[in-house]
Amino acid sequence: MIDGVLGEILTAIVTPFKADGSVDLESFRRLASHLVDNGSDGLVVTGTTGESPTLSDDERFALYEAALEEVGGRASVVAGTGTYSTDHSIHLTRRAHELGVDGFLVVTPYYNKPPARGIVEHFRAVASVTDRSIIAYNIPGRVVLNLETETIAQLAEIRGVRAVKQANPDFEQARAIVELGLDLYAGDDDLIFPFLELGGLGGVCVHTHVVGPQVKEMVRHFRAGDVEGARAIDEQLAPAIELLRVAVNPIAIKCALNLLGHEVGGLRLPLVETTDEEREAVRGCLERLGLLRPVAA
């Protein structure tokens with residue numbers, strides 16, 4: 001573990017699929033190693049970016065084992081084990097713990113909008129089966145409710161809950177998370193720099209699949225006191241943020257990876273491939289980042 005509990009820059013790695021729709025573990029291993037060699041302190045495996053809702057438990061466990069074998073010891077491996085079901089989340093967390101992962105990303109239970117006290121008990125139950133770090137994932141845009149600061153304060157009292165992945169541009173709440181003694185990770189890639197200014201640790205990122213070295217360099221500049229240098233890098237990364245907005249995650253980033261030759265395959269329904277127009281928009285972003293040469297007219 002590097003620069004903190006689990007690292008500053010964690011990439012929520014995609015799950016590659018073969019042409020027949022099965023998990024491509026060899027492509028996953030290659031991508032995992034590439035990411036760690038290019039700016040990532042750790043990987044979040046089977047997060048939403050990894051299409052976790054469409055993976056079987058056995059596929060999840062195979063991915064954790066592959067990540068640990070490929071990059072364990074030189075990067076942290078964080079398992080995305082949060083689901084709506086507390087029992088299922090406990091099962092996934094217990095097994096991932098046995099396999100040896102370094103920590104867990106646990107999302108706020110979704111869809112049914114449980115009351116705050118239910119959310120707290122959910123995290124308490126999951127934390128009871130491991131002594132390793134838990135990152136609470138607050139993403140109101142997808143789970144329909146926001147973890148209020150008072151609720152986060154209660155989570156901070158649970159043994160093992162050591163960080164929050166905050167996908168919410170509420171800077172006052174972000175500052176409060178830091179004041180609670182929790183590590184603050186940006187949950188949206190465009191929040192990394194402003195969260196650093198508030199005392200944040202780094203980010204759980206998607207764009208680092210393609211701009212990992214630049215994001216790591218931005219953090220290095222900031223930590224060295226070169227805030228303006230970090231800001232300049234952040235501004236240069238605007239096309240990477242635009243890329244993610246071309247299509248819902250992880251459609252666009254998988255398209256980008258395939259264009260760059262990483263061969264991560266397609267997606268599982270209900271996610272679908274980019275349209276021709278979306279693909280060209282992704283290509284344009286990669287060209288502006290200097291990662292692809294412009295197509296000759």
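From a predicted model like this one, the values you see are computed outputs, not experimental measurements.

A. View of the overall build of the protein chain. Counting its secondary structure elements, the protein chain contains 13 helices and 8 strands. Scaling as 2.2 N^0.38, a compact globule of 297 residues should have a C-alpha radius of gyration of about 19 Å, and the protein chain matches this with 18 Å. Counting only C-alpha atoms and orienting by the principal axes, one finds that the protein chain spans roughly 60 × 45 × 35 Å. Counting the 297 residues in the protein chain, one finds 55% classified as buried. In the protein chain, of all internal contacts separated by at least 6 residues, the share reaching a separation of at least 24 is 66%. Accessible area of the protein chain: about 12500 Å², with a carbon and sulfur share of 48%. Between the mean site of the 27 positive side-chain charges and the mean site of the 43 negative ones, the protein chain shows a separation of 3 Å.

B. Up close: helix α7 (residues 171-179). Inspection of α7 places Gln173, Ala174, Ala176 and Ile177 among the buried residues, and these make up the whole buried set. Angular distribution of buried residues about the axis of α7 spans 160 degrees; they occupy a single face of the element. Exposed residues on α7 whose side chains face more than 90 degrees from its buried face are Glu172 and Glu179. Taken together, the buried residues of α7 touch β5 (133-138), α6 (149-156), β6 (161-166), β7 (183-186) and α8 (192-197). The opening residue of α7 is Asp170, an N-cap whose side-chain oxygen sits 3.1 Å from the backbone nitrogen of Glu172.

C. The environment of Asp190, seen in detail. Inspection of the secondary structure assignment puts Asp190 in the loop between β7 and α8. On the basis of relative accessibility, which here comes to 33%, the residue Asp190 falls in the partly exposed class. Linking Asp190 and Gly50, residues 140 residues apart in sequence, is a C-alpha distance of 20 Å. Residues in contact with Asp190, not counting those within four places in the same chain, are Ile241 and Arg245. At 2.8 Å, the side chain of Asp190 and the side chain of Arg245 are in polar contact.

D. Region of the structure containing the pattern of salt bridges. Using the criterion set out here, one finds 17 salt bridges in the structure. Ionic contacts of the salt-bridge type, sharing partners, join the residues Glu8, Asp41, Lys216 and Arg223 into one network.

E. Quick look at the packing of helix α2 (residues 57-71) against helix α3 (residues 86-99). For the pair α2 and α3, the least separation of the axes is 10 Å and the interaxial angle reads 30 degrees. Between α2 and α3, the crossing angle belongs to the class labelled roughly parallel. α2 and α3 meet at a crossing whose hand is right-handed. Two secondary-structure elements touch here, α2 through Asp57, Arg60, Phe61, Tyr64, Glu65 and Leu68 and α3 through His88, His91, Leu92, Arg95, Ala96 and Leu99. In the contact of α2 with α3, the residues fall into 6 nonpolar, 2 polar and 4 charged.

F. Summary view of the sheet that holds β5. Around the barrel, 8 strands lie side by side as β1-β2-β3-β4-β5-β6-β7-β8; this closed barrel has parallel pairing. Between one strand and the next, the sheet's axes are offset by a mean angle of 25 degrees, whatever the strand orientation. Alignment of strand β1 (residues 9-12) against strand β8 (residues 202-205), held across 3 bridges, turns out to be parallel. Note that in β8 the partner of Thr11 across the bridge is Cys205. α2 contacts β2 (42-45) and β3 (76-80) of the sheet and is inclined by roughly 170 degrees relative to β3. Lying over the sheet, helix α4 (residues 116-127) contacts β4 (103-107) and β5, oriented at roughly 160 degrees with respect to β4.

Conventions used here
Each chain carries its own residue numbering, running from 1 in the written order of its sequence. Residue-level local features of this predicted model are given only where pLDDT is at least 70; pairs of side-chain atoms are given and counted only at 80 or more, and the full residue set underlies all totals for whole chains, interfaces and linings. Computation of side-chain values covers all heavy atoms of the structure but excludes hydrogens and water. Each helix is a run of H or I in the DSSP string that is no shorter than four residues. Each strand is a run of E no shorter than two, and both are numbered from the N terminus. Radius of gyration means the value over C-alpha atoms here, while the globule rule gives 2.2 Å times the residue count to the 0.38 power. We call a residue buried when its accessible area falls under 20% of the maximum for its residue type, exposed when it is over 50%, and partly exposed in between, using a 1.4 Å probe and counting protein chains only. It only takes one pair of heavy atoms within 4.5 Å for two residues to be counted as in contact. Using a 1.4 Å probe, accessible areas were evaluated by the Shrake-Rupley method; residue-level cover was limited to the displayed protein chains. The convention is simple: Lys and Arg are positive, Asp and Glu are negative, and His and the chain ends are not counted. Each charge is placed at NZ for Lys, CZ for Arg, CG for Asp and CD for Glu. As used here, the arc belongs to the directions running from the helix axis to the C-beta atoms. For this analysis, a polar contact is any N or O atom pair within 3.5 Å, provided that within protein one partner can donate a hydrogen and the other can accept it, and provided that sequence-adjacent residues contribute only side-chain to side-chain pairs. What makes a salt bridge here is a side-chain nitrogen of Lys or Arg within 4 Å of a carboxyl oxygen of Asp or Glu, nothing more. Here the axes come from fitting lines to C-alpha atoms, over the contacting stretch only for helices, and the angles between their N-to-C directions go from 0 to 180 degrees. Oblique is the label for any angle not covered by the other classes, which are roughly parallel (under 35 degrees), roughly antiparallel (over 145) and roughly perpendicular (65 to 115). Should the near helix be turned anticlockwise from the far one by less than a right angle, the crossing is termed left-handed; should it be turned clockwise, right-handed. In the scheme used here, Gly and all other residues not listed as nonpolar or charged are polar, with Ala, Val, Leu, Ile, Met, Phe, Trp, Tyr, Cys and Pro taken as nonpolar and Asp, Glu, Lys and Arg as charged. Pairing between strands is defined by DSSP: at least two bridges between the two strands are required.

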